[in-house]
Amino acid sequence: MWYWILWLLIAIWVLLDAKKRRNNMIGWPIGTFLLGVIVLPVYLAKRNLKPNEVREGGTAWNVLKYFMVFWTLSIAASAVGALIDTGSMISESDDAAEQFGMAIGAGIGLVGLFIVWFIVALIALILGLFLRKSSVVEKGPTGKLAEQYGAESVQA
């Protein structure tokens, strides 16, 4: 339940941000709500830049960078949720052996969660290093904001 509430709030933020930046105000929020950890990094890497904003490294680098931020936050939130659930189950149990088993199971689950996070993080890091283009520097305003401010999109 908390997952949908969190991504609904983030989708509302994307809606407001897309409106300010003159991006697609329907597609990005819906995509963020349904596939947040995938769509939100793409949005952040491709959204129109405001004046004085700079984005470096190219689209692929920025997508992977933002993906890792939200992937890490999602895994951390999942770990905290699992610990809270395990704690409540342990406190409801009267059998010491059962409590000990739940604690061991929670530990194994957290190690598994860390391994999944680490494998994805390592793949994203390796891909990011290969795809990063240090020569690509975007300076705002870009896209429809460039038209609004009467400037041209600058990309070196």
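Residues numbered from 1 in each chain as written. Predicted model: local features only at pLDDT ≥ 70, side-chain atom pairs only at ≥ 80, totals over all residues. Heavy atoms only, no water.

A. Quick look at the overall build of the protein chain. Assigned secondary structure in the protein chain consists of five helices and three strands. Counted from the first residue to the last, the protein chain has its helices and strands arranged as α-α-β-α-α-β-α-β. Its C-alpha radius of gyration of 20 Å places the protein chain more than 25% over the 15 Å reference for a compact globule of 156 residues. Across its three principal axes, the protein chain shows a C-alpha extent of roughly 70 × 35 × 20 Å. Expressed as a percentage of its 156 residues, the buried residues of the protein chain come to 32%. For the protein chain, the proportion of contacts with a sequence separation of at least 24, taken over those separated by at least 6, is 63%. Surface summary for the protein chain: the accessible area is close to 9800 Å², and the carbon and sulfur share equals 70%. (Helix = DSSP H or I, 4+ residues; strand = E, 2+ residues; numbered from the N terminus. Rg over C-alpha atoms; globule rule 2.2 N^0.38 Å. Buried < 20%, exposed > 50% of the residue type's maximum accessible area, 1.4 Å probe, protein only. Contact = heavy atoms within 4.5 Å. Areas by Shrake-Rupley, 256 points an atom, 1.4 Å probe, with all protein chains shown as cover.)

B. Quick look at the pattern of salt bridges. Scanning the entire structure with this criterion turns up four salt bridges. As a salt-bridge pair, Arg 21 and Glu 53 come within 2.7 Å of each other at their nearest N and O atoms. Note that Arg 21 is positioned in helix H1 (residues 2-21) and Glu 53 in the loop between helix H2 (27-46) and strand E1 (54-57), a separation of 32 residues in sequence. With a closest N to O distance of 3.0 Å, Glu 138 and Arg 55 form a salt bridge. (Salt bridge = Lys/Arg side-chain N within 4 Å of Asp/Glu carboxyl O.)

C. Geometry of unusual backbone geometry. Omega for the peptide link from Gly 140 to Pro 141 comes to 5°, which places this bond in the cis form. Topologically, Pro 141 is positioned in the loop between strand E2 (133-139) and helix H5 (144-149). We note that Arg 22 has phi near 60°; this positive angle belongs to a residue other than glycine. Turning to its location among the elements, Arg 22 is positioned in the loop between H1 and H2. Its relative accessible area of 36% is what places Arg 22 among the partly exposed residues. Look at Asn 52: it is not a glycine, yet its phi comes out positive at around 75°.

D. Region of the structure containing the side chain of Thr 32. Relative to the helices and strands, Thr 32 resides in helix H2. Leave out the neighbours within four places in its chain, and Thr 32 touches Trp 7, Ile 10, Ala 11, Val 14, Val 39 and Leu 40.

E. Region of interest: the nonpolar core. In terms of nonpolar packing, the biggest core is built from 16 residues, with Trp 7, Val 37, Leu 40, Tyr 43, Met 68, Phe 70 and Trp 71 touching the most fellow members. Secondary-structure elements contributing two or more residues to this core are H1, H2, helix H3 (58-92) and helix H4 (96-131). Apart from the residues lying within four places of it in its own chain, the contact partners of Trp 7 are Thr 32, Phe 33, Gly 36, Val 37, Leu 40, Phe 70 and Ser 74. (Core = buried A, V, L, I, M, F, W, Y, C linked by side-chain atoms within 4.5 Å.)

F. Expanded view of the confidence of the model for the protein chain. Chain-level statistics for the protein chain give a pLDDT mean of 91 and a share of 96% at 70 or above. The least confident element of the protein chain, judged by mean pLDDT, is strand E3 (residues 154-155) at 50; the most confident is H4 at 96. (pLDDT = per-residue confidence, 0-100.)

G. Up close: the packing of H1 against H2. One can describe the packing of H1 onto H2 by two numbers: an axis separation of 9 Å at closest approach and a directional angle of 65°. Put simply, H1 runs roughly perpendicular to H2. In this structure, H1 meets H2 at a crossing whose hand is left-handed. Across the interface between the two elements, Tyr 3, Trp 4, Trp 7, Leu 8, Ile 10, Ala 11, Trp 13, Val 14, Leu 15, Asp 17, Ala 18 and Arg 21 from H1 touch Trp 28, Pro 29, Thr 32, Phe 33, Gly 36, Val 37, Leu 40, Tyr 43 and Leu 44 from H2. Residues belonging to the contact of H1 with H2 are distributed by class as follows: 17 nonpolar, two polar and two charged. (Axes fitted to C-alpha atoms, helices over the stretch in contact; angles between N-to-C directions. Parallel < 35°, antiparallel > 145°, perpendicular 65-115°, else oblique. Left-handed = near helix turned anticlockwise from the far one by under 90°. Nonpolar A, V, L, I, M, F, W, Y, C, P; charged D, E, K, R; others polar.)

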